[in-house]
Amino acid sequence: MRKTLILAFSFLLIAASCGGDSPRGGPGISGSDGGAGASTEAPGSTDGDSTVIDLEPEDVVLTAGLVRFDDCDTLLDHLHTEYSARVGPWGFDQGGWFGPVGARLESDDMAVAEEAMAAAEPAAPSAAPVEGVDFSGTNVQEAGVDEADIVKTDGNRIFTLSSGQLVVVDAASRRAVGSVAVADGWGRELFIDGDGLLLITRSHSESGDGSETVLQRIDVSGDAPRIIETLNVQGNYISARSVGGTARVIMRYDPQWNFPFVFPQNDSAEDVAEAANRAAVLNSTLDDWLPHYTFGSADSSTGSLMVPCDDVHAPSVFSGFGVTTVISVPISGDFDPSSSTAVMAPGDTVYASTGSLYVATTRWLDPDEFGGEEDWDEDAWRETWQERRTSVHRFDISGDAAAYASSGEVLGVIRNQFSLSEHNGYLRVVTTVGDPWGEESESHVRVLSTDGDVLMEVGSVGDIGRGENVQSVRFVGDIGYVVTFRQIDPFYTIDLSDPTDPRILGELKIPGFSSYLHPISDTLVLGVGSDADEEGRVTGAKVSLFDVSDLTEPLEVAVWTAPDGWNDIGWDHRAFLWWAPEELAVMPVTVWNEWSGAVVLRVADGTITEVGRVDHEIAGEEPGRTDCRELTTADLDSTDERDFTTELEYEISYDYAAVLACEPGEAGMTGFECYTQPFFVDEAESLGLLRGEESISICWPSDSPNVIVRSIVISDELWTLGFKGWGSFDGQSPARLHVNDLQSLVRLAALEL
């Protein structure tokens, strides 16, 4: 029964992260006591015994604090004790089922700040362009907190990614002026600061034993960008924020995959396998637990543990399998791998203000608390599942390096980074309690305050969207906006002026829902999302204009819809552009089997007017064009499939697909979707098909649309970045930059990058 339930819940658990219920202390550990219900051992105690509280299944909720370690031996003792208790015949119990599966923040009113910049006097011709006046920046949650993105501009140049290269485009001449091949990988994002650029790439380690994050510092002072330093860190990149030219890069490392675990072939061998796996944990070293880095520059290459032992923290309550690392990187300065801190818990949601960085994760549920194969307590499991909690860890980023400051937890689960907001020293968090698909689910706004190193809840208000899912959240100063949805869209306004007594002021019910909220003034909020009928069936894309001048009676005063259309802004807010000087909103939209591009809307005088649409379609574009060398059967020693020894030979022999051998800087084929696999390079080399440093791509004919993923305003021009394909753009595919006149939307240039 237990295995069946685990399989049934695995789809729901993808978004869940970690937490737990076995507090343990250890010699030399110092920090908070974890709050009520945690270990009764005093901070800093050198007594090796710690109090472990026996819990009923419904009592697995505890306050999650963090403790630090005085030395490496103490840290290793803690890891041995904590994890040997959780290893079984199949490795770490349920680590694969119950850990998070990859990832997926506000001073005062950002719109007010944008308007203030828009009202500023125009800069003198010789002055540097000003963001918000002369050009648009990345759409971020918090004013003053930049977010890494796939494209950046300084008003003169555009920096983006295409075919595995960083490309620099001169805005005045509308041409690419330089490029450089960057680290192999995907999901690339970047920051710029003057003539310094930080590129972050998700990749696989060269040894093939796990994921890693590659940081590259690139000099863009000239036309040709130059890679200055490269730092390879074990772990998956989650997210990054930048304040004052210093980036905080957050990564998750999964050490459980490092161990030489054995697995039983039958039930009688389980005890032997468990004993062997426990021995593997007890014999482990810090090298097995903490991420390593490899640091390379023009004249040196070094490697070591990423985080000093005294900068490693562990929850006083077990919070799951994984290590969250925060490294501080000056965008225009030298890398310092030791400028990092780590938490022995997986992180999945990142929010930052100008002074604080928060990493949140849904608490881990230990299935062993609910019985074994024969006595699985399904009712207790369901009840506990519906009472999950979210742990939140705060880091102080006012200094050069991020420093752990405090921890806390709240009842319920969060949707995304917009569910958190710091204001006047308080952290506001929107959570949903209960099964979000059930009739009894309920959302709350909770307010937390720092008490020493503990985040304590000081106020809350609930009864938000009962039986519905939270779709979007936005905080503006002392006001919060929350949208929930099941069949209709309740838009809630919440007063947070008294943090100890938040109050719901108003509620508006309308068809559809907003998956992203963007304040454009003190009294107006744009909602971007989906339209729906009375039964809750989504019918297309929708933009709503909410008048919140009377918070007790919010109104939907204007609507724009695109039947059968959709947008991904609810998943990636950086795709949305609000250009305050012209009162324009630009957003990518795709209409099924009809059109894909970006819609330009003017939002003024309480109305939404479609100004026009731009796309990346090229009349008469010929499919099959490529700069790469296409491999054919003429390149094979034999065309008899009985002689084939590699998959690549089969791919080359297919008439439908194209196999490309591409030099650095070359990639792709028009009208085709291309994929790369490292083993194809090895196979091509074994067949004698490679020349120099070529890579291998397999390309298939595509009917994918030419999608637009980002929009930028520079002076009186609208630049749009796009590619051909579905899903998100990661810099591996060939990209396009188009330029349109901002007023007429006439296309001025089209760049194939």
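Before any of the text, the structure's been laid out above.
Model, not experiment: these values are computed from the prediction.

Brief notes about the packing of helix H2 (residues 72–84) against helix H5 (residues 270–282)
Here is step 1 of the chain: Closest axis-to-axis distance for the H2/H5 pair is 9 Å, and the angle between their directions is 160°. Between H2 and H5, the interaxial angle falls into the category roughly antiparallel. The two elements H2 and H5 cross, and the hand of that crossing is right-handed. Here His 80, Tyr 83 and Ser 84 of H2 lie close against H5, whose contacting residues are Arg 278, Val 281 and Leu 282.
Here is step 2 of the chain: A per-class count over the contact of H2 with H5 returns three nonpolar, two polar and one charged.

Quick notes on the pairing of strand S22 (residues 356–362)
Here is step 1 of the chain: Of all seven residues making up S22, seven are buried, and the element is well covered by its neighbours.
Here is step 2 of the chain: Burial along S22 is two-sided: Ser 356, Tyr 358, Ala 360 and Thr 362 facing one way and Leu 357, Val 359 and Thr 361 facing the other are all buried.
Here is step 3 of the chain: Strand direction decides the pairing type here: strand S21 (residues 349–352) and S22, joined by four bridges, are antiparallel. Within S22, the position partnered with Val 350 by the bridge is Val 359.
Here is step 4 of the chain: Adjacent in sequence and paired antiparallel, S21 and S22 are bridged by three residues.
Here is step 5 of the chain: In the sheet, S22 pairs with strand S23 (residues 389–396) via seven bridges, with the strands oriented antiparallel. Paired with Thr 362 across the two strands is Thr 390, which belongs to S23.

Section: the pairing of S23
Here is step 1 of the chain: For S23, a buried count of six out of eight residues is recorded, marking the element as mostly surrounded by other parts of the structure.
Here is step 2 of the chain: Between the antiparallel neighbours S23 and strand S24 (residues 403–411) lie six residues.

Remarks on the nonpolar core
Here is step 1 of the chain: Tyr 83, Phe 92, Leu 198, Leu 215, Leu 231, Val 249 and Trp 289 are the most contacted members of the largest nonpolar core, which has 44 residues in total.
Here is step 2 of the chain: The residues contacting Leu 198, other than those within four sequence positions of it, are Glu 189, Leu 190, Phe 191, Leu 215, Gln 216, Ala 247, Val 249, Val 329, Ile 331 and Phe 335.

Quick word on helix H9 (residues 678–686)
Here is step 1 of the chain: Listing the buried residues of H9 in full gives Phe 680, Glu 683 and Ala 684. Along H9, the residues classed as buried sweep out an arc of 100° about the axis, all on the same side. For H9, the exposed residues set more than 90 degrees away from the buried face come down to Pro 678, Glu 685 and Ser 686.
Here is step 2 of the chain: Contact partners of the buried residues in H9: helix H8 (647–653) and strand S45 (695–701).
Here is step 3 of the chain: Where H9 ends, the next residue or the one after it, Gly 688, has phi of about 70°, a positive value.

Some words on the sheet that holds strand S46 (residues 706–714)
Here is step 1 of the chain: The strand order across the open sheet built from four strands is S46-S47-S48-S49, with neighbouring strands paired in antiparallel fashion. This sheet does not close on itself; its edge strands, each paired only once, are S46 and strand S49 (747–752). Within this sheet the neighbouring strands show an average axis-to-axis angle of 20°, counted without direction.
Here is step 2 of the chain: Inspection of the sheet shows S46 paired to strand S47 (residues 717–724) by eight bridges, in the antiparallel sense. Following the sheet pairing, Ile 714 is matched in S47 by Glu 717.

Considerations on the sheet that holds strand S8 (residues 165–170)
Here is step 1 of the chain: Reading across the sheet, the four strands line up as S6-S7-S8-S9 and stay open at both edges, with antiparallel pairing between neighbours. Across the chains shown, the open sheet's two edge strands, defined by having one partner strand only, are strand S6 (151–153) and strand S9 (175–181). Averaged over all pairs of adjacent strands, the angle between their axes in this sheet comes to 20°, without regard to strand direction.
Here is step 2 of the chain: Relative to S9, S8 is paired through six bridges, and the arrangement is antiparallel. Along S9, the bridge assignment pairs Gln 165 with Ala 181.

Here we look at the state of the cysteines
Here is step 1 of the chain: Scanning all chains against the criterion turns up three disulfides.
Here is step 2 of the chain: Cys 72 shares a disulfide with Cys 309; S-S distance 1.9 Å. Judged by the torsion about the S-S bond (100°), the Cys 72/Cys 309 disulfide is right-handed.
Here is step 3 of the chain: Residue classification places Cys 72 among the partly exposed positions, given a relative accessible area of 37%.
Here is step 4 of the chain: For Cys 674, the disulfide goes to Cys 699, at an S-S distance of 2.0 Å. Residues Cys 674 and Cys 699 are joined by a disulfide whose S-S torsion is about 110°; by sign, that bridge is right-handed. Highlighted residues: Cys 674 in strand S44 (residues 672–676) and Cys 699 in strand S45, separated in sequence by 25 residues.
Here is step 5 of the chain: On the basis of relative accessibility, which here comes to 0%, the residue Cys 699 falls in the buried class.

What about H5?
Here is step 1 of the chain: In a regular helix each residue adds 1.5 Å, so 13 residues correspond to 18 Å; H5 covers 18 Å between its end C-alpha atoms and thus fits that length.
Here is step 2 of the chain: For H5, the elements touching its buried residues are H2, strand S3 (87–88), strand S4 (91–92) and helix H6 (286–289).

Regarding unusual backbone geometry
Here is step 1 of the chain: One non-glycine residue with positive phi stands out, namely Asn 424, at about 55°.
Here is step 2 of the chain: Looking at the secondary structure, you find Asn 424 in the loop between strand S25 (420–423) and strand S26 (426–433).
Here is step 3 of the chain: Even without glycine at this site, Ser 715 takes up a positive phi of about 60°.
Here is step 4 of the chain: Position of Ser 715 relative to the elements: it lies in the loop between S46 and S47.

Topic: the environment of Ala 181
Here is step 1 of the chain: Inspection of the secondary structure puts Ala 181 in strand S9.
Here is step 2 of the chain: A C-alpha to C-alpha distance of 9.6 Å links Ala 181 and Leu 161, two positions 20 residues apart in sequence.

What counts and how
- Residues numbered from 1 in each chain as written.
- Predicted model: local features only at pLDDT ≥ 70, side-chain atom pairs only at ≥ 80, totals over all residues.
- Heavy atoms only, no water.
- Axes fitted to C-alpha atoms, helices over the stretch in contact; angles between N-to-C directions.
- Helix = DSSP H or I, 4+ residues; strand = E, 2+ residues; numbered from the N terminus.
- Parallel < 35°, antiparallel > 145°, perpendicular 65-115°, else oblique.
- Left-handed = near helix turned anticlockwise from the far one by under 90°.
- Contact = heavy atoms within 4.5 Å.
- Nonpolar A, V, L, I, M, F, W, Y, C, P; charged D, E, K, R; others polar.
- Buried < 20%, exposed > 50% of the residue type's maximum accessible area, 1.4 Å probe, protein only.
- Pairing = 2+ DSSP bridges.
- Core = buried A, V, L, I, M, F, W, Y, C linked by side-chain atoms within 4.5 Å.
- Arc of directions from axis to C-beta.
- Disulfide = S-S within 2.5 Å.
- Expected span 1.5 Å × (residues − 1).

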